[in-house]
Amino acid sequence: MLFRSLDVPATRPRYGTIVNLLEAIAAVSRIAPDSPFAAAGQAYLPSWQSQLEDLRWLKFADLVAQLGHRASYELAIQQAQRVAPGHPRRLQGQTLIADWRVRMQRLEDRPTLVLAQQLAQPGTIAALQAATAKASQIELGRPLRIEAQTLMAEWQQEIEDGLRQAQVVVSLLSPHAVRRDRKSTRLNSSHLVISYAVF
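First things first, this report covers the structure right here in the doc. (Residues numbered from 1 in each chain as written. Predicted model: local features only at pLDDT ≥ 70, side-chain atom pairs only at ≥ 80, totals over all residues. Heavy atoms only, no water.)

Grouped together as the largest cluster of nonpolar side chains are 13 residues, with contacts concentrated most on Leu113, Ala120, Leu128, Ala135, Ile138, Ala148 and Trp155. Sorting the residues of this core by element identifies α5 (90-120), α6 (125-135) and α7 (145-172) as the ones contributing at least two each. Ranked by residues supplied to this core, first place goes to α7 with five residues. Contacts of Leu128, omitting those with residues within four sequence positions, involve Ala120, Gly123, Trp155, Glu158 and Ile159. (Core = buried A, V, L, I, M, F, W, Y, C linked by side-chain atoms within 4.5 Å. Buried < 20%, exposed > 50% of the residue type's maximum accessible area, 1.4 Å probe, protein only. Helix = DSSP H or I, 4+ residues; strand = E, 2+ residues; numbered from the N terminus. Contact = heavy atoms within 4.5 Å.)

What follows is the structure in structure tokens.
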């Protein structure tokens with residue numbers, strides 16, 4: 001069970017795993033050739049040595065990625081790609097690379113989303129349309145796309161509300177509505193005159 005537990009990769013490389021591998025390799029080297037445990041230890045030795053080498057690359061890559069910059073993620077990905085296909089830590093390396101690429105995309109797209117929100121602040125239809133156009137630059141499949149779509153939906157609703165309000169105002173200011181209002185005013189004035197005449 002001790003031998004098998006060292007073959008299970010964690011998501012992020014840990015110093016504890018590296019230390020365990022170093023201790024296991026050292027322990028195997030101390031096993032006498034005629035020991036009943038010698039064959040089992042030697043069978044696991046190549047895998048442990050390979051994992052140790054790969055974990056050194058992954059741990060370095062993970063430390064670099066923690067800087068949180070585009071350049072650091074690119075370097076981390078480059079280092080993690082040193083883990084060759086078929087190695088026990090290959091899956092761990094690919095998982096880390098996928099996570100770092102998502103983080104890179106967030107860094108790349110966040111300024112676009114922030115700018116879109118700034119464009120929308122005036123609240124005018126033109127401003128909302130410009131904000132929607134900017135947010136739509138975040139492509140499908142990118143981590144911030146859902147956030148962008150949510151904002152675009154809100155802005156589209158505001159645009160539609162604004163257009164409806166504009167149509168109401170235009171209809172109230174149309175020549176027909178103005179003539180009708182003038183006619184109502186004349187009728188009201190006539191009623192007032194009649195009322196005064198009666199009294």
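From this point, things continue past the structure.
Attention now goes to the packing of helix α3 (residues 38-65) against α5. The interhelical angle for the contact between α3 and α5, taken along N-to-C directions, is 15 degrees, at an axis separation of 11 Å. By the angle between their directions, the pair α3 and α5 is classed as roughly parallel. The two elements α3 and α5 cross, and the hand of that crossing is left-handed. Only Gln92, Gly93, Leu96 and Trp100 of α5 make contact with α3, whose side of the interface consists of Leu55, Leu58, Ala61, Asp62 and Ala65. Residues of the contact of α3 with α5, tallied by class, amount to six nonpolar, two polar and one charged. (Axes fitted to C-alpha atoms, helices over the stretch in contact; angles between N-to-C directions. Parallel < 35°, antiparallel > 145°, perpendicular 65-115°, else oblique. Left-handed = near helix turned anticlockwise from the far one by under 90°. Nonpolar A, V, L, I, M, F, W, Y, C, P; charged D, E, K, R; others polar.)

Okay, the environment of Ile97 next. Among the secondary structure elements, Ile97 is positioned in helix α5. When its relative accessible area of 2% is taken as the criterion, Ile97 is described as buried. Residues Ile97 and Tyr73, spaced 24 residues apart in sequence, show a C-alpha to C-alpha distance of 8.7 Å. Those residues in contact with Ile97 that lie beyond four places of it in its chain are Ile77, Ala80 and Gln81.

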